[in-house]
Amino acid sequence: MRLKEIYEKKNVCHNRAFEWVKPVISFEVFPPKSNTGGFYGELNKLKEYEPAFISLTYGAAGKNNTSLEVLYRIKNELRMDLMAHLTCAGSSRGNIEEWLGEIELLGAENVLALRGDIPEDCSPGDFRYASELIRFIKEKTDLSVGAAGYPEGHIECPDLFADIANLKKKTDAGADVIYTQLFFDNDKFFSYVQLVRDAGIEVPIIPGIMPVISKKQIERITSMAKISVPGALLNRIEKFKDNPSDMLKLGIDFAVIQCQQLIDAEVSGLHFYTLNKAYSTAQILDNIMGVPNGAE
Ligand code: FAD
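Description of the structure in this document. Being a predicted model, the structure only gives us computed values, none of them experimental.

Our next topic: the pairing of strand β7 (residues 144-149). Most of β7 sits inside the fold, with 6 of its 6 residues counted as buried. With burial as the criterion, each face of β7 is covered, one bearing S144, G146 and A148 and the other bearing V145, A147 and G149. Taken together, the 3 bridges between strand β6 (residues 110-114) and β7 define a ladder with parallel strand orientation. From the neighbouring strand, L112 faces β7, where its bridge partner is G146. Regarding the hand of the β-α-β motif, the stretch spanning β6, helix α5 (residues 130-140) and β7 is right-handed. Where β7 meets strand β8 (residues 177-182), 4 bridges bridge the pair, whose relative direction is parallel. Residue pairing in the sheet places A148 in a bridge with Y179 of β8.

Looking now at the sheet that holds strand β5 (residues 82-87). Taken in spatial order, the 8 strands close into a barrel running β3-β4-β5-β6-β7-β8-β9-β10, and their pairing is parallel. Pairwise comparison of adjacent strand axes, ignoring direction, gives a mean angle of 25° for this sheet.

Right, let's talk about the site of the ligand for a bit. Neighbouring residues of the ligand: 23 residues in total, closest Y58, D117, Y150, D163 and K170. Between the ligand and H154 there is a distance of 2.8 Å, counted from an oxygen atom to a side-chain nitrogen or oxygen. Contact with the protein chains covers 84% of the free accessible surface of the ligand, which is 980 Å². Listed by contribution, the elements that provide at least two residues to the shell around the ligand are β5, β6, α6 (160-172) and β8. For the shell around the ligand, the element with the highest residue contribution is α6, accounting for 4 residues. Along the lines of polarity and charge, the residues of the shell around the ligand split into 10 nonpolar, 7 polar and 6 charged.

What counts and how
Residues numbered from 1 in each chain as written. Predicted model: local features only at pLDDT ≥ 70, side-chain atom pairs only at ≥ 80, totals over all residues. Heavy atoms only, no water. Buried < 20%, exposed > 50% of the residue type's maximum accessible area, 1.4 Å probe, protein only. Helix = DSSP H or I, 4+ residues; strand = E, 2+ residues; numbered from the N terminus. Pairing = 2+ DSSP bridges. Right-handed = clockwise from strand over helix to strand, strands pointing away. Axes fitted to C-alpha atoms, helices over the stretch in contact; angles between N-to-C directions. Near = heavy atom within 4 Å. Polar contact = N/O pair within 3.5 Å; in protein donor to acceptor, adjacent residues only side chain to side chain. Areas by Shrake-Rupley, 256 points an atom, 1.4 Å probe, with all protein chains shown as cover. Nonpolar A, V, L, I, M, F, W, Y, C, P; charged D, E, K, R; others polar.

Written out as structure tokens, the structure reads:
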């Protein structure tokens, strides 16, 4: 199903003491480097949670050898819908058009159109910004298009308002949905949504959720992107840094509260950065949604 239609349907549930709107669930994974059996096994576990689609990342500068095969298997063997990521930095118009043709052939209906990180070792490519890629995809294909949003601003952009003005160029070019970078502070997300709406952007804004799994993971992502970690969470990460099972539990418990607040605010969807592992995401969903397949 196409992104636009996916978020238009309201799934009202009655399995609690009150009515609530169940958000659309989607899972992000990256092409496995090895042990593909393990990868498809994890996807099969995630499938029980009936995601609207699996979103598969794309290597920087077209370094993406295995992704078409992985997309094919997810679509045709696991029978799950897709959002294929595509980055344009370092790529030519011709290469992008060829790849778009391939993903349409294998049955993908959705693409997350990104600039990607600019490669140091090759030419910048034919598209400067994601907005140019989005316009190109809309001209050449029938794909539904997602774009990236940054609740605390993109790392290269010193001013959140300028970043949101650039986000508007992506929706003006035809982006149907915005998927955010992961964040740990819901207030930052809520005020971002308000600013985005004030800028005249009306498409769904889907929060990105990544459960904490280790101190190293948090140090890495906060060094690469503008993502603040609330002090209380940082203290607990420090406390459990040498205890993997307590750290996993902390990540799950924190994300459950975070997701619950987002659901209460009636977000249209929750997009999970799974890191190719089902366990934490499944535990979070068991807590916030009840048993898979609505069997409670
Ligand atoms: P753009 O929207 O082009 O923005 C890049 C920068 O340029 C921003 O600072 C923006 O403010 C500025 N800008 C935009 N337009 C203009 C303009 N017209 N004039 C001046 N400045 C402008 N990376 C991967 O390599 N593979 C992936 O699969 C991948 N998946 C992602 C999924 C999500 C949900 C998110 C949030 C990010 C993902 N990324 C991925 C990371 C992304 O590629 C990087 O954050 C990249 O640096 C920016 O991509 P963008 O599409 O947001 O770029």
